[in-house]
Each structure stands twice: as structure tokens, then as C-alpha cells.
Amino acid sequence: MTTKTYNEWKNRATWNAALAAWKSYQEQHERFQVHSRKNETDQARALLEGESRKHFGAASDILDQLVALNTKGSEVAGNEAEVAYTTARNVLLIVTVVAAFVALIVSRLLIGSITRPLQRAVEVADAVADGDLRHEVVVQGPRESVALLSAVQAMQVQLRTVLGQVSLASQE
């Protein structure tokens, strides 16, 4: 910020100096025109080649300084913009990588919360298919998994009941 403030002050001071030099040149030019209109060629030429040229040169030099200051200022602003762009790009890249990593973790947790209960249901169904009704069905998880596990649990209870009834009937 110090450089910007200094450059703004220097641009303003240089601009004011250029305006003052231009005003001096215009005053000499008006004097030149007065002599020229009166056909006072020697005085007009003396003003044109002397004071008028000196003031025009001073104004021109100061304007060249102002152009140089503005050119340097635009280069500095361009460099600052490039740094801001690079910083923003890097921050955006880091945020994107972190967001992708978080999305990966959340998706793995979500997939696990769905597949674990289904895997338990498959294990119990396989055990029932093998004739083993001793596995306990734990009903928990997402709504769809709870519905499936509840159905497997009900099937298991019903099969135990039927087998118990068959066993009692065969003992009689």
C-alpha cells in the first residue's frame, strides 16, 4: 500500500507540474500570437525559439515522466493481479482436493452403512438355506436395510416356529 500511495502522490504532483508547464507554454504561445498578428516577426520568432520552446519542452518532459510512472504502475498492477490470480487458483485447487477427499470419505461411509446390513442379511439367509436357524438377526441400518433385515428375522422366527411344531408333531 505504501508504494501505491507514493505513486498516486507522485502521479498527482507530476500531473500538476505538467499542467503548470502547459499553462506557461500557453501564455508564451498567446504572446507569440499577439506578435504574429502585429507582423512583429522577429519578436514572434524569438518567443517561438526561446521561451515558448523552453516551456513546451518542460511540459513535454513532465508528460514523459507521467507516462513512465503510469507504465511502471500498470506493470506493478499487472504483477499484483498475476499474484492474486495464482493465489486464488492455488486456493481453489486445494479446496477442490480437500472437497474430493471429504466426498470420498463420506461416500465410503454411506456405502458401508448400506452394504454392511445387506451383507448381514445375506449371511443369515445363507445360514437359513443351510438349515441353521441359530444366527441372530440384528435389525439396524438405513430404512431399506431395516425392512429387509426385519423380513429375514420374521422368516427365521417363522421357520423356527414351523420346525418346532413339526418336531412336536413327530414326537407324538
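Before reading on, note that the structure itself is shown above.
In this text the structure is predicted, and so the values were computed from the model without any measurement. (Residues numbered from 1 in each chain as written. Predicted model: local features only at pLDDT ≥ 70, side-chain atom pairs only at ≥ 80, totals over all residues. Heavy atoms only, no water.)

## Thoughts on the overall build of the protein chain
Across its full length, the protein chain carries four helices and zero strands. Listed N to C, the secondary structure of the protein chain is α-α-α-α in terms of helices and strands. With the C-alpha coordinates aligned to their principal axes, the bounding extent of the protein chain is approximately 150 × 25 × 20 Å. Among the 172 residues that make up the protein chain, the fraction classed as buried is 16%. For the protein chain, the proportion of contacts with a sequence separation of at least 24, taken over those separated by at least 6, is 60%. The protein chain carries 18 positive and 19 negative side-chain charges, and their two centres are separated by 7 Å. (Helix = DSSP H or I, 4+ residues; strand = E, 2+ residues; numbered from the N terminus. Buried < 20%, exposed > 50% of the residue type's maximum accessible area, 1.4 Å probe, protein only. Contact = heavy atoms within 4.5 Å. Lys, Arg positive; Asp, Glu negative; His and termini not counted. Charge placed at Lys NZ, Arg CZ, Asp CG, Glu CD.)

## Quick look at the packing of helix α2 (residues 41-49) against helix α3 (residues 51-129)
Where α2 meets α3, the closest approach of the two axes is 3 Å, and the angle between their N-to-C directions is 25°. Compared by their axis directions, α2 and α3 come out roughly parallel. Across the interface between the two elements, Ala46, Leu47, Leu48 and Glu49 from α2 touch Glu51, Ser52 and Arg53 from α3. Split by residue class, the contact of α2 with α3 holds three nonpolar, one polar and three charged. (Axes fitted to C-alpha atoms, helices over the stretch in contact; angles between N-to-C directions. Parallel < 35°, antiparallel > 145°, perpendicular 65-115°, else oblique. Nonpolar A, V, L, I, M, F, W, Y, C, P; charged D, E, K, R; others polar.)

## Quick notes on the pattern of salt bridges
Across all of its chains, the model carries one salt bridge by this definition. The partner of Lys54 in a salt bridge is Glu51, and the shortest N-O contact between them spans 3.6 Å. On the criterion of helical spacing, the pair formed by Lys54 and Glu51 is a turn pair, its members being three residues apart in helix α3. Residue class for Glu51 comes out partly exposed when judged on its relative accessible area of 35%. (Salt bridge = Lys/Arg side-chain N within 4 Å of Asp/Glu carboxyl O.)

## Here we look at the packing of aromatic side chains
What the rule picks out here adds up to three aromatic pairs. On the basis of an interplanar angle of 40° and a centroid distance of 5.0 Å, the ring pair of Trp22 and Tyr25 is categorised as tilted. Of the two residues, Trp22 and Tyr25 both sit in helix α1 (residues 2-37), three residues apart, roughly one turn of that helix. Exposure remark for Tyr25: the relative accessible area of 15% places this residue in the buried category. Each residue in the set Trp22, Tyr25 and Phe56 is aromatic and connected to the rest through ring pairs, giving one cluster. (Phe/Tyr/Trp six-rings, centres within 6.5 Å; stacked < 30°, edge-to-face > 60°.)

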